[in-house]
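Here's the letter readout for the chains.
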Amino acid sequence: MDGAPDLFRLSYRKIRSFLTCRKQYWFRYCSGIEPPPTAPSPAALVGIAVHRGMAVLTESGHEELGRRAIDAYLRMPDHTAVGPGTEGYELAHALFEAGIAAHRELGGRDARAEVGSWAPWRAGGITLWAKVDRVERTSQGGYRFIDWKTERQLRVEETDLQLDLAHVIVRTVLRIPASETVESVAWNLRTDERRVRALGRADAKAAMQYAAALAQRMRTCSEFPPTPGPACGWCEFRSLCEEASTDVGAWFEEADE
Ligand code: SF4
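Residues numbered from 1 in each chain as written. Predicted model: local features only at pLDDT ≥ 70, side-chain atom pairs only at ≥ 80, totals over all residues. Heavy atoms only, no water.

## So, the packing of helix α1 (residues 12–20) against helix α6 (residues 156–174)
1) Next: For the pair α1 and α6, interaxial distance at closest approach is 10 Å and the crossing angle is 145°. For the pair α1 and α6, the crossing hand works out as right-handed. Taking contact as the criterion, the partners of Tyr12, Ile15, Arg16 and Leu19 in α1 are, on α6, Glu158, Leu161, Gln162 and Leu165.
2) Next: Of the residues contributing to the contact of α1 with α6, the split by class is 5 nonpolar, 1 polar and 2 charged. (Axes fitted to C-alpha atoms, helices over the stretch in contact; angles between N-to-C directions. Helix = DSSP H or I, 4+ residues; strand = E, 2+ residues; numbered from the N terminus. Left-handed = near helix turned anticlockwise from the far one by under 90°. Contact = heavy atoms within 4.5 Å. Nonpolar A, V, L, I, M, F, W, Y, C, P; charged D, E, K, R; others polar.)

Here it is as structure tokens:
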């Protein structure tokens, strides 16, 4: 299944960008401008390393192979910010040990890692992309998917939207019958916080309707004002965006009307 080029392509990242900052959305999806090359932050490197280790653990069931995958990634010459002896190195390994505990607790069957696919919906004019960290059957024969989190805290609303969209992909790939629900889990390996919801076919339809409504707004959007805020901190276009350094200090240098 491909992305169906005649349909409007959507992903969680694209939707989040549109909702958070229209100017970022324009930079990323409309402008054609390549972002200036920037080194990933230590936090991003730790997150990637842990996800790599969890993918190996999920696929192989071998804890030591997962540890080795993380170590190899952290020791790469470009990753000295999280290399041996750094806080990031210790954190990545600690998070992976939490991931091993989670893996043992889950005890699922036929677990697959990094399952990515499209869900085309021709009547809605969209095709949705998402990649899921882990998909498996539960020991009772049910369906479950997991999104590993490594941030300091779980951002509930963003996480729910992300999982609502990922759920559509899980249903599509596994061809889950309408009568079955899917256990959707966001699991924060840093805090052990878990967000667990049972999602049904009606939830998947609602997620696609929501995505289609947003796609309609994206297609007709002609103004892309900036919304400087926390998102600027990890926006790859920050150095090209003057609003990223918004400072109300100028008000105090101008006369009031
Ligand atoms: S730097 Fe901030 S205001 Fe500028 S495009 Fe990025 S998120 Fe938007």
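So much for the structure itself; the text now carries on.
## Details of the packing of helix α4 (residues 63–74) against helix α5 (residues 87–106)
1) Next: α5 packs onto α4 with a crossing angle of 155° between their chain directions and a minimal axis gap of 11 Å. Regarding the angle of α4 to α5, the classification is roughly antiparallel. Handedness of the α4/α5 crossing: right-handed. Residues Glu63, Gly66, Arg67, Ile70, Asp71 and Leu74 of α4 form the contact with α5, whose participating residues are Tyr89, Ala92, His93, Phe96, Glu97, Ile100 and Arg104.
2) Next: Residues belonging to the contact of α4 with α5 are distributed by class as follows: 6 nonpolar, 2 polar and 5 charged. (Parallel < 35°, antiparallel > 145°, perpendicular 65-115°, else oblique.)

## Quick notes on the environment of Gly61
1) Next: Relative to the helices and strands, Gly61 is located in the loop between α3 (42–60) and α4.
2) Next: If we ignore the near neighbours within four places in the chain, the residues touching Gly61 are Val56 and His103.

## Quick word on the domain arrangement of the protein
1) Next: Splitting the protein by domain gives domain 1 (1–35 + 108–220) and domain 2 (39–106).
2) Next: Just the C-alpha atoms count here: the centres of domain 1 and domain 2 sit 24 Å apart.
3) Next: With 16 residues of domain 1 at the contact, the number on the domain 2 side is 15 residues.
4) Next: Contact between domain 1 and domain 2 buries roughly 1,400 Å² in total, counting both sides, with carbon and sulfur atoms accounting for 65%.
5) Next: At the boundary of domain 1 with domain 2, the tally comes to 1 salt bridge.
6) Next: In this structure, Glu105 engages Arg194 in a salt bridge whose closest nitrogen and oxygen atoms are separated by 2.7 Å.
7) Next: Taken together, the connections running from domain 1 to domain 2 amount to 7 residue pairs in polar contact (both at pLDDT 80 or more).
8) Next: If you list the elements that add at least two residues to the side of domain 1 that touches domain 2, you get β2 (109–121), β3 (126–137) and β4 (143–149). (Domains from an automatic or database assignment. Buried area = accessible area lost by both parts, 1.4 Å probe. Salt bridge = Lys/Arg side-chain N within 4 Å of Asp/Glu carboxyl O. Polar contact = N/O pair within 3.5 Å; in protein donor to acceptor, adjacent residues only side chain to side chain.)

## What about the nonpolar core?
1) Next: Counting 23 residues, the largest nonpolar core has Leu10, Ile15 and Ile126 as the members making the most contacts within it.
2) Next: For this core, the secondary structure elements donating two or more residues are β1 (8–11), α1, β3, α6 and α7 (201–220).
3) Next: Considering each element in turn, this core owes the most residues, 8 residues, to α7.
4) Next: When residues no more than four places from it in sequence are discounted, the contact partners of Ile15 are Leu10, Leu161, Leu165, Ala211, Leu214 and Met218.
5) Next: In terms of nonpolar packing, the next biggest core, distinct from the first, is built from 22 residues, Val50, Ala92, Phe96 and Leu106 among them. (Core = buried A, V, L, I, M, F, W, Y, C linked by side-chain atoms within 4.5 Å. Buried < 20%, exposed > 50% of the residue type's maximum accessible area, 1.4 Å probe, protein only.)

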